[in-house]
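The residues making up each chain are set out below.
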Amino acid sequence: MYVCLCGGVTDSQIKEQVKLGAASVADLQKTLPIGLCCGTCDVVTEQFIKKFLSGAKDISYAA
Ligand code: FES
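Predicted model, so just to flag it, every value in this text is computed and none were measured.

A.B. asks: How would you summarise the overall build of the protein chain if you had to cite specific residues and measurements?
C.D. replies: Assigned secondary structure in the protein chain consists of three helices and two strands. Along the protein chain, helices (α) and strands (β) appear in the sequence β-β-α-α-α when read from the amino end. Considering the protein chain as a whole, with its 63 residues, one finds that 24% of them fall into the buried category. Within the protein chain, contacts between residues separated by at least 24 positions form 50% of all contacts whose residues are at least 6 apart in sequence.

A.B. asks: Run through the nonpolar core, naming residues and quoting values.
C.D. replies: Counting 12 residues, the largest nonpolar core is built from Val3, Cys4, Val9, Ile14, Ala22, Leu28, Leu32, Ile34, Cys41, Phe48, Ile49 and Phe52. Sorting the residues of this core by element identifies β1 (2–4) and α3 (42–53) as the ones contributing at least two each. Cys4 has contacts with Val9, Ile34, Gly35, Cys41 and Thr45, leaving out every residue within four places of it along the chain.

A.B. asks: Just give me the short version of the environment of Lys51, but keep the residues and values in it.
C.D. replies: Counting through the fold element by element, Lys51 comes out in helix α3. We classify Lys51 as partly exposed; it has 18 C-beta atoms within 10 Å.

A.B. asks: Summarise the confidence of the model for the protein chain; cite the residues concerned and give the values.
C.D. replies: Chain-level statistics for the protein chain give a pLDDT mean of 91 and a share of 87% at 70 or above. Mean pLDDT across the elements of the protein chain ranges from a minimum in α3, with 95, to a maximum in strand β2 (residues 9–10), with 98.

A.B. asks: Account for the packing of helix α1 (residues 11–19) against α3, naming residues and giving values.
C.D. replies: At a minimum axis separation of 10 Å, α1 and α3 run at an interaxial angle of 50°. Here α3 runs oblique to α1, going by the angle between their axes. Judged by the twist between their axes, the crossing of α1 over α3 is right-handed. Residues Asp11, Ile14, Lys15 and Val18 of α1 form the contact with α3, whose own contacting residues are Thr45, Phe48, Ile49, Phe52 and Leu53.

A.B. asks: Which residues make up α3, and what values do they have?
C.D. replies: For α3, with 12 residues, the first-to-last C-alpha span of 16 Å sits near the 16 Å given by 1.5 Å per residue. Restricting attention to buried positions, one finds in α3 the residues Thr45, Phe48, Ile49 and Phe52. One side of α3 carries all its buried residues, which in axial view fall inside an arc of 100°. Away from its buried face, by an angle of more than 90 degrees, α3 presents the exposed residues Val43, Gln47 and Lys50. Lining the buried residues of α3 we find β1, α1 and α2 (25–28). Gly55 lies just past α3 and shows a positive phi near 100°.

Cut-offs applied
- Residues numbered from 1 in each chain as written.
- Predicted model: local features only at pLDDT ≥ 70, side-chain atom pairs only at ≥ 80, totals over all residues.
- Helix = DSSP H or I, 4+ residues; strand = E, 2+ residues; numbered from the N terminus.
- Buried ≥ 20, exposed ≤ 12 C-beta atoms within 10 Å, placed from the backbone.
- Contact = placed C-beta atoms within 7 Å.
- Core = buried A, V, L, I, M, F, W, Y, C linked by C-beta atoms within 7 Å.
- pLDDT = per-residue confidence, 0-100.
- Axes fitted to C-alpha atoms, helices over the stretch in contact; angles between N-to-C directions.
- Parallel < 35°, antiparallel > 145°, perpendicular 65-115°, else oblique.
- Left-handed = near helix turned anticlockwise from the far one by under 90°.
- Expected span 1.5 Å × (residues − 1).
- Arc of directions from axis to C-beta.

Here it is, written out as structure tokens:
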């Protein structure tokens, strides 16, 4: 799923970068064009980083 529409960044790309050591949006921005335009994705990006750092394989979308 796309997390950042402006940059065309997906949750899978975030997951891969977290595996490689990214722990913040600033870390992701070193390799991905995420959060560089409108900023709408900032909160959800942080949520994905936290989930992937906690070891979750995927994000649950259940309410
Ligand atoms: S949706 Fe990520 S910067 Fe616009």
